[in-house]
Amino acid sequence: EAGVTQFPSHSVIEKGQTVTLRCDPISGHDNLYWYRRVMGKEIKFLLHFVKESKQDESGMPNNRFLAERTGGTYSTLKVQPAELEDSGVYFCASSLGNTGELFFGEGSRLTVL
Amino acid sequence: KNEVEQSPQNLTAQEGEFITINCSYSVGISALHWLQQHPGGGIVSLFMLSSGKKKHGRLIATINIQEKHSSLHITASHPRDSAVYICAVRKPGNQFYFGTGTSLTVIP
């Protein structure tokens, strides 16, 4: 069975451009989480979907970040316009139910120049 | 101050040594996770704990809910154990808080 997959694995863009990160959770997992780690800091929670609904988006840093999960399957995280401080690794994780074990993707590294 | 504190931040051990990584947290939790990240790799969940102790191979994880503390032990450490180990706690509302990680290097 495929695990959590994320695309792209690495994206390099210029400040002001737009980037869209994609996460495909494990099939059937209703809970999907986005996290990010910026250089030298701990991983921080961004938001949590249950199916297609945003359960908690308290970790989203500002309105330049938009996450969607249409149809309750894959999710996208768009950053528009990107700023230098958005550079980091964006992780996606999924679980079955809200108490299930978390499965993480490999992460998408974003570099904003 | 981070809600989850890990120690040590960096750890170097000789192959075969017994290793302990500690995690303290300051929030009420529904579960605690130990995660492993190899250099350049993704994150793998090692354990999910809500009480007591779990063992998987050479890895043992314990949690003391009253003291808000967990430990990850590695017995008979091996160079392939070299990785970053991350403690993460899940709050009852499902938000997660992560420690900064412990970078472990096991020398042959």
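The present account deals with the structure reproduced in this document. Position numbers for residues start from 1 in each chain and track the written sequence from start to end. Chains and ligands are labelled sequentially in the order written, the chains with letters from A and the ligands with numbers from 1. Only residues with pLDDT of at least 70 get local features here, since the model is predicted, and only at 80 or more are side-chain atom pairs given and counted; chain-wide, interface and lining totals rely on the full set of residues. Excluded from the side-chain calculations are hydrogens and water; all other atoms, namely the structure's heavy atoms, are used.

**Notes on the pattern of salt bridges**
All names here are of chain A. Note the cut-off: When a carboxyl oxygen of Asp or Glu lies within 4 Å of a side-chain nitrogen of Lys or Arg, that pair is called a salt bridge. Labels follow the DSSP assignment, with helices taken as runs of H or I lasting at least four residues and strands as runs of E lasting at least two, numbered in each case from the N terminus. Exposure categories follow from relative accessible area, calculated using a 1.4 Å probe and restricted to protein chains: below 20% of the type maximum is buried, above 50% is exposed, and the middle band is partly exposed.
Taken as a whole and judged by the stated rule, the model has eight salt bridges over all chains. The closest approach of N and O atoms between Glu83 and Lys15, which form a salt bridge, is 3.9 Å. Highlighted residues: Glu83 in the loop between β8 (75-79) and β9 (88-95) and Lys15 in the loop between β2 (10-13) and β3 (19-24), separated in sequence by 68 residues. The closest approach of N and O atoms between Lys54 and Glu57, which form a salt bridge, is 3.9 Å. Assessed through its relative accessible area of 42%, Glu57 is described here as partly exposed.

**Remarks on the packing of aromatic side chains**
For any pair of aromatic rings, the description consists of the separation of the ring centres together with the inter-plane angle of the planes. This is how it is decided: The rule is short: rings of Phe, Tyr and Trp, with Trp giving its six-membered ring, pair when the centres are within 6.5 Å, and they are stacked under 30 degrees, edge-to-face over 60, tilted in between.
Tallied over the full model, the rule gives eight aromatic pairs over all chains. Ring centres 5.4 Å apart and planes at 85 degrees place the aromatic pair Tyr33 of chain A and Phe96 of chain B in the edge-to-face group. Placement of Tyr33 of chain A in strand β4 (residues 31-37) and of Phe96 of chain B in strand β10 (residues 96-98) is noted, with the two residues assigned to different chains. Considered together, Tyr33 of chain A and Phe96 of chain B belong to a single accessibility category, that of buried residues. On the basis of an interplanar angle of 80 degrees and a centroid distance of 4.8 Å, the ring pair of Tyr35 of chain A and Phe98 of chain B is categorised as edge-to-face. With Tyr35 of chain A in strand β4 and Phe98 of chain B in strand β10, the pair connects residues from two separate chains.

**Comments concerning the sheet that holds strand β8 (residues 69-74) of chain B**
All names here are of chain B. Cut-off, in case you're wondering: Strand pairing requires that DSSP identify at least two bridges connecting the strands. The axes are straight lines fitted to the C-alpha atoms, using for helices just the contacting stretch, and the angles between their N-to-C directions are given from 0 to 180°.
Strand order across the open sheet formed by five strands is β1-β3-β8-β7-β6, with antiparallel pairing between neighbours. Every interior strand has two partners, whereas the edge strands, β1 (4-7) and β6 (52-56), have only one. On average, each strand axis in the sheet is tilted by 15 degrees relative to the strand beside it, whichever way the strands run. As paired strands, β6 and strand β7 (residues 59-64) are joined by five bridges and run antiparallel to one another. Bridge pairing in β7 places His56 opposite Leu59.

No statement about biological role is implied by the geometric values presented.
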